[in-house]
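Examination of the molecular architecture
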Amino acid sequence: MGKVKTEQFDIAVDALLLDEENPRLGSATNQSETLRKLVELNPNHFRNLMLSIKENGLDPGDSFYVIEHEDEEGDYVVLDGNRRLSALRV
């Protein structure tokens, strides 16, 4: 197994893409469907997450873990943090 390089850097929210192959959701065909499925996982939890982010902002200790999108230069697929990104978008 090769080494994995990690680094921390700032990325605009608009450059973050939800993971359409998120194992919690099964495959989704686009970003809108992925967002809908994430909300439907647990609507009450999602609402509470949105309210918490609105009132307190994001926890600086909870980074998004991303990889560069294969086809879209400058875009990143979120591997960890899809619910937080969804809450920001809604």
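Below is a summary of the structure that appears in this document.

The rules behind each value
Residues numbered from 1 in each chain as written. Predicted model: local features only at pLDDT ≥ 70, side-chain atom pairs only at ≥ 80, totals over all residues. Heavy atoms only, no water. Buried < 20%, exposed > 50% of the residue type's maximum accessible area, 1.4 Å probe, protein only. Helix = DSSP H or I, 4+ residues; strand = E, 2+ residues; numbered from the N terminus. Arc of directions from axis to C-beta. Contact = heavy atoms within 4.5 Å. Polar contact = N/O pair within 3.5 Å; in protein donor to acceptor, adjacent residues only side chain to side chain. Axes fitted to C-alpha atoms, helices over the stretch in contact; angles between N-to-C directions. Parallel < 35°, antiparallel > 145°, perpendicular 65-115°, else oblique. Left-handed = near helix turned anticlockwise from the far one by under 90°. Nonpolar A, V, L, I, M, F, W, Y, C, P; charged D, E, K, R; others polar. 1 Å grid on protein atoms, 1.4 Å probe; cavity = no way out; pocket = protein on both sides within 12 Å on 5 of 7 lines; lining within 4 Å. Points joined across faces, edges and corners; volume = space filled by probe spheres on them.

Along helix α1 (residues 31-41), the positions that sit buried rather than exposed are Glu33, Thr34, Lys37 and Leu38. Buried positions in α1, seen along its axis, are confined to an arc of 135 degrees and lie on one side of it. Summarising the contacts, the buried residues of α1 are in contact with α3 (82-89). You can read the cap of α1 off the contacts: a side-chain oxygen lies 3.1 Å from the backbone nitrogen of Ser32, and it is on Asn30.

Another aspect to go through is the packing of helix α2 (residues 43-56) against α3. The contact between α2 and α3 brings their axes to 9 Å, and the two run at 70 degrees. Considering the angle they form, α2 stands roughly perpendicular to α3. When the axes of α2 and α3 are compared, the crossing they make is right-handed. Counting all contacts with α2, which are made through His45, Phe46, Leu49, Met50 and Ile53, the residues of α3 involved are Arg83, Arg84, Ser86, Ala87 and Leu88. For the contact of α2 with α3, a count of residues per class yields six nonpolar, two polar and two charged.

When its volume is computed, the largest pocket comes out at roughly 760 Å³. As for the largest pocket, its lining consists of 23 residues, of which Glu7, Phe9, Ser63, Phe64 and Val66 are closest to the centre. Among the elements of the structure, β2 (65-68) and β3 (76-80) are those that each provide at least two residues to the lining of the largest pocket. Looking at the lining of the largest pocket element by element, the count peaks at four residues for β2. Of the residues assigned to the lining of the largest pocket, the class counts are 14 nonpolar, three polar and six charged.

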